[in-house]
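Coordinates in review
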Amino acid sequence: MSTSLLTLPYLAKTAANPHAPVAKWILGTGGLVAGMVHIGGVTRLTKSGLSMTDWKPLGSLPPLTTDEWMVEFERYKQYPEWQQRKSMDLEEFKYIFYWEWGHRMLGRTVGLAFAAPWAYFAARGRIPPGYHGRMALLFAMGGTQGLVGWWMVKSGLGDDRRGDRNEIRVSPYRLAAHLGMAVATYGTLVYTGLGVLSVPHDAARAGAGAGGAGSGGGGGTSKLQQLARSLSSSAMTHARKLRVGAMGVTGLTAATILSGAFVAGNDAGNAYNTFPKMNEQWIPSEDMVDPALRPKWRNLFENTATVQWNHRLLGTSTAVSALALAGLGLAHPAARNAVTPQARRGLQVLGGVAVGQVSLGIATLLHYVPIGLAAAHQLGSLAVLTSGIYVAHSLRYASPALMRGAAKEVGAKVATTAAGVGKGGVAPAMPAMKMAK
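Treat the numbers as computed from the prediction; the structure is a model and nothing was measured. (Residues numbered from 1 in each chain as written. Predicted model: local features only at pLDDT ≥ 70, side-chain atom pairs only at ≥ 80, totals over all residues. Heavy atoms only, no water.)

**Considerations on helix H10 (residues 304-330)**
To be explicit about the condition: Numbering of helices and strands starts at the N terminus; helices are DSSP runs of H or I of at least 4 residues and strands are runs of E of at least 2. Helices are assigned an expected span. That span is 1.5 Å times one less than the residue count. Distance and chemistry together define a polar contact, namely a pair of N or O atoms within 3.5 Å, with one atom able to donate a hydrogen and the other to accept it when in protein, and with adjacent residues in sequence counting only for side-chain atoms on both sides.
Taking 1.5 Å as the rise per residue, H10 with 27 residues should run 39 Å; its terminal C-alpha atoms sit 39 Å apart, in good agreement. The N-terminus of H10 is capped by asparagine 303, whose side-chain oxygen sits 3.0 Å from the backbone nitrogen of alanine 305.

**What to know about the packing of helix H1 (residues 20-45) against helix H5 (residues 172-197)**
The condition is simple: What counts as an axis is a line fitted to C-alpha atoms, over the stretch in contact for a helix, and the angles between N-to-C directions run from 0 to 180 degrees. Working rule for angles: under 35 degrees goes down as roughly parallel, over 145 as roughly antiparallel, 65 to 115 as roughly perpendicular, anything else as oblique. Less than a right angle of anticlockwise turn of the near helix away from the far helix marks a crossing as left-handed, whereas a clockwise turn marks it as right-handed. Residues count as neighbours in contact if any of their non-hydrogen atoms are within 4.5 Å of one another. Classification convention: Asp, Glu, Lys, Arg as charged; Ala, Val, Leu, Ile, Met, Phe, Trp, Tyr, Cys, Pro as nonpolar; all other residues, Gly among them, as polar.
Packing of H1 against H5 brings their axes to within 8 Å, and their N-to-C directions diverge by 160°. By the criterion of interaxial angle, the relationship of H1 to H5 is roughly antiparallel. The hand of the H1/H5 crossing is left-handed. Along its contact with H1, which presents Val22, Ala23, Ile26, Leu27, Thr29, Gly30, Val33, Ala34, Val37 and Arg44, the element H5 presents Leu175, Leu179, Ala182, Tyr186, Leu189, Val190, Thr192, Gly193, Leu194, Val196 and Leu197. Taken together, the residues of the contact of H1 with H5 sort by class into 16 nonpolar, four polar and one charged.

**Here we look at the side chain of threonine 306**
Its location among the elements puts threonine 306 in helix H10. Dropping the residues within four chain positions of it, threonine 306 is found in contact with Met288, Asn299 and Leu300.

**Side note on the layout of surface pockets**
Defined as follows: Cavities and pockets were defined on a 1 Å grid built from protein atoms only: a cavity is a group of points that admits a 1.4 Å probe but offers it no way out, a pocket is an open group of points flanked by protein on both sides within 12 Å along at least five of seven lines, and a lining residue is one with an atom within 4 Å of any such point. Grid points are joined across faces, edges and corners, and a volume is the space filled by probe spheres set on the points.
The calculated volume of the second largest pocket comes to roughly 470 Å³. Residues of the lining of the second largest pocket, tallied by class, amount to two nonpolar, six polar and eight charged.

**Focus on the packing of aromatic side chains**
Applied cut-off: Any pair of Phe, Tyr and Trp rings, taking the six-membered ring for Trp, is counted once the centres come within 6.5 Å. Such a pair is stacked with planes under 30 degrees apart, edge-to-face with planes over 60 apart, and tilted for the rest. With a 1.4 Å probe rolled over the protein chains alone, any residue whose accessible area is under 20% of its type maximum counts as buried; one over 50% counts as exposed, and the rest are partly exposed. Note on geometry: a ring has a charge over it if NZ (lysine) or CZ (arginine) is within 6 Å of the ring centre and within 35 degrees of the ring normal.
On inspection of all chains with the given rule, the structure shows 18 aromatic pairs. Ring plane angle 40° and centroid distance 5.2 Å describe the contact between tyrosine 76 and phenylalanine 93, whose orientation is recorded as tilted. With tyrosine 76 in helix H2 (residues 66-76) and phenylalanine 93 in helix H3 (residues 90-123), this residue pair connects regions lying 17 residues apart in the sequence. With relative accessibility at 1%, the residue tyrosine 76 sits in the buried group. A relative accessible area of 0% places phenylalanine 93 in the buried class. Summarising the aromatic geometry, the rings of phenylalanine 93 and phenylalanine 97 are spaced 5.8 Å apart at their centres and angled 50° between planes, so their arrangement reads as tilted. On the criterion of helical spacing, the pair formed by phenylalanine 93 and phenylalanine 97 is a turn pair, its members being four residues apart in helix H3. By way of ring pairs, the aromatic residues Trp69, Phe73, Tyr76, Trp82, Phe93, Phe97 and Tyr98 are connected into one cluster. A cation over a ring is seen here: lysine 77 above phenylalanine 73, with NZ or CZ 4.5 Å from the ring centre.

**Section: the packing of H3 against helix H4 (residues 132-154)**
Between H3 and H4, the least distance of the axes is 10 Å, while the angle of their chain directions is 165°. Classified by the interaxial angle, the pair formed by H3 and H4 is roughly antiparallel. The interaxial crossing formed by H3 with H4 has left-handed handedness. Across the interface between the two elements, Glu100, Arg104, Phe114, Ala115 and Trp118 of H3 pack against Met135, Ala136, Leu138, Phe139, Trp150 and Val153 of H4. Considered class by class, the residues forming the contact of H3 with H4 number nine nonpolar, no polar and two charged.

**Here's the deal with unusual backbone geometry**
Each neighbour pair has its own omega, and for phenylalanine 275 with proline 276 the value is 5°, a cis peptide bond. Relative to the assigned elements, proline 276 resides in the loop between helix H8 (233-265) and helix H9 (299-302). For the peptide bond that leads from arginine 294 to proline 295, omega is -5°, which places it in the cis range. Phi is positive for lysine 47, close to 55°, though the residue is something other than glycine. Given the relative accessible area of 41%, lysine 47 is considered partly exposed.

**Description of the nonpolar core**
Selection criterion: To define a nonpolar core, start from buried Ala, Val, Leu, Ile, Met, Phe, Trp, Tyr and Cys residues and group those joined through side-chain atoms within 4.5 Å.
Judged by nonpolar contacts, the single largest core of 45 residues is most densely connected at Val22, Trp25, Ile26, Ile127, Met135, Tyr186 and Leu382. Broken down by secondary-structure element, the contributors of at least two residues to this core are H1, H3, H4, H5, H8 and helix H12 (371-394). At 11 residues, H5 tops the list of elements feeding residues into this core. Among residues more than four places away in sequence, those in contact with tryptophan 25 are Ala113, Phe114, Pro117, Trp118, Phe121, Ile127 and Met135. In this structure, Ala228, Ala239, Val384 and Val391 belong to the second largest nonpolar core, which totals 27 residues.

Spelled out as structure tokens, the structure:
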């Protein structure tokens, strides 16, 4: 079989996909969320996150006059972080305040950018069937993100932090929850947008009769099902392995991102600034368990050496896994008739961004976490995540659920045919189906 027949292009033009505007809106919102994650990272790197000491659900303008700025500055001085930053003047306070204010207002902008088009498309009946629940879920995730963000900030504002000898920061657990929620929302937006771009391929075509142009099988068969049926058993087996691998790399990437939140929350990037060893040791076991941390499991999330070692291990594992998956999908002989051009391109990008991301991580560590490199490293993690999601989605024709559905359909046709023959009818020709074992 020629690989040119294996194609499921994403349909971004309205002429080919009436739901294309919906997909563009969803993916555009995903881009805004990525921007918000980036701004949030810079806000943390510039130590600006505790500059705003109250939270207004609808937001507000920043101080506009000198008197208003002084009132805001005096309010900031009432909270624990001021005891460690008493050399700060008003201009320096304005700098950190604007980062936090911008981050919060961007979050509200993202909410509006999602809610308003959703109402418009829903009112006009443009949301594809089966996606209404997903839209409600995304809206709920966005609303929850704002609450989680304030919950995180509050962990650095309490009076119980006044006696801290170390730099006052937000709770690393709450920071990880805040980042994790943002990444989950972003990933759901990307996967949903890709799904909407694929609706014409994935939806059953009622008018595709047997023997019709490009039908490859009876009426009501989607192009996605036709592609799955056209694969040989060995090709389908390989495609399924690749899909499982893509899901694994995506999950590993998400875990690495969360571990990065604990690195940031503990300022662990400013220690052990050597690579590949950590101060001449592969595993600094003596530093990885602090007797003062009870219970001991807290070392996994609060001990500088352990947190950084975990992130190194997860980051390296993600890069190696992504490269192995790319090799399996691009160079393995079985991939020739198992991988669509879309999946092939995704694998190429995944391998490339994985190498770039691990290189950024090493450079960030060796240079003691400069803001520019650290911010780029955080964006790089989203690039790896996006590539993994894209590859997994482009290999959806190897989904076990699709295979089970196709098997049930063939079984139903066989039963119908047998019933017709039993009544003296003539058995119609059944479409060929090459199921993976």
